[in-house]
Amino acid sequence: MVTVRVPAKVNVQLGVGGVRPDGYHDLANVFFAVALGDQVTATPGTGVTLSCDGPDAAAVPLDDSNLAARAARLLAARHGLAEPGVHLHIDKAIPVAGGMAGGSADGAAALLACDALWGLDTPLPVLLELAAELGSDVPFALLGGVALGRGRGELLEPLPVAGTFHWVFAVADGGLSTPAVFRECDRLREESGLGSSIDQVPTPDADPALLAALADGDPVALAAALANDLQAAAVSLRPSLADTLHAGTEAGALAALVSGSGPTCAFLAKDADAAAHIAAALRASGTCRTAHPTHGPVPGARVVHTSA
Ligand code: C5P
């Protein structure tokens, strides 16, 4: 039996370029791994089977559309294993379809857990390559920490960061579809007359002020630099998110933003006490289902327990 712990992410900068001929958008994506995370436990089994526990478990698909199952099959195929045998149990704390890469996290965790269970010793560069095949956000869940993602988000460069930052995540009722949010971003750009294609939208780049704030461990400077090009699209599809963002700011957050494609909202706090206070205020505000204080950065997917 092998248990892997894997973090959720928030994008402290999500710069979205024009839509490419393959349908993806070029990104300047600064990923930040937070302590809110899932655990995936692999035990020997027949075929690839899944189970899931947690408050959102009913919303998690247990068939081959789940990235954890696809990860197990992809790893087995890469090593020429004819019939992969594993049962994967997901302890789910990351909001489902919430903009925190929870499905991608489980895919990364399954790669690592199956690799250990089957004794494959796959080198990290190969795991990262398989992760990129599974989805744009999966490689970062293996890496953790803070990293700049280029391309569609899968070309990663680790970034220097000092100290610990404190966050609150407000979980919405129901998820948002990532492709739908990207499409809405394109639609809003078209509507504003800017256009949405790769030759109409400037290629995004990491903001030097944001990188300096991370390297300095300065939450006030980071708050001033947080930016998400998908935020307007997420709020357009789910206008009530504006109330959630406002409630966290009222409660003293240094800054509020939509996490990735949403609908989870992220709030930066000045310290752990402020985060606890903001989370309580958000829970009482009636503008979200629940709110979790947490911190980061934390490492990527790692084995936390092994037994025969
Ligand atoms: O890579 P992944 O399967 O996680 O992406 C999900 C969807 O999000 C894509 O099908 C695409 O619609 C959108 N996407 C995008 N540009 C990116 C990443 C994702 O348009 N860089």
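Residue numbers here run from 1 along each chain, matching the order of that chain's written sequence. Local features in a predicted model are, by the rule used here, given only for residues with pLDDT of at least 70; side-chain atom pairs are given and counted only at 80 or more, and totals for whole chains, interfaces and linings are based on all residues.

1. Focus: the UniProt feature "active site" (unreviewed entry) in the chain
Phase 1 of the analysis: UniProt positions are given in the numbering used here, feature names are shortened, and annotations may be inferred rather than shown by experiment. Mapped onto the present numbering, the UniProt feature "active site" (unreviewed entry) falls on Lys 9 and Asp 137. Sequence-wise these annotated residues cover 129 residues; spatially they are packed, their C-alpha atoms never more than 9.0 Å apart.
Phase 2 of the analysis: In DSSP terms, a helix is any run of H or I states spanning at least four residues, a strand is any run of E spanning at least two, and both are numbered starting from the N terminus. Positionally, Asp 137 belongs in the loop between α3 (124–134) and α4 (138–143).
Phase 3 of the analysis: Partly exposed residues are those whose C-beta has more than 12 but fewer than 20 other C-beta atoms within 10 Å; with 20 or more the residue is buried, with 12 or fewer it is exposed, and the C-beta atoms are placed from the backbone. Accessibility expressed as a C-beta count within 10 Å gives 28 for Asp 137, which makes it buried.
Phase 4 of the analysis: Setting aside chain neighbours within four positions, we find Asp 137 in contact with Lys 9, Ala 101, Ser 104 and Gly 153. In this description, any two residues whose backbone-derived C-beta atoms lie within 7 Å of each other are considered to be in contact.

2. Let's talk about helix α6 (residues 208–216)
Phase 1 of the analysis: When we look at burial in α6, the residues that qualify are Leu 210, Ala 213 and Leu 214. Axial view of α6: buried residues confined to an arc of 95°, hence all on one face. Across from the buried face of α6, at angles greater than 90 degrees, the exposed residues are Pro 208 and Ala 209.
Phase 2 of the analysis: Contacts made by the buried residues of α6 are with β1 (2–19), β2 (25–43), β5 (146–150) and α7 (219–225). Arc, as used here, means the arc of the directions from the helix axis to the C-beta atoms.

3. Here we look at the confidence of the model for the chain
Keep in mind that low pLDDT regions are not for reading the predicted coordinates in detail.
Phase 1 of the analysis: Within a predicted model, pLDDT stands for the predictor's per-residue confidence, ranging from 0 to 100. Residues of the chain with pLDDT of at least 70 account for 100%, and the chain-wide mean is 97.
Phase 2 of the analysis: Across the interface, the model reports ipTM at 0.96; the global pTM reads 0.97.

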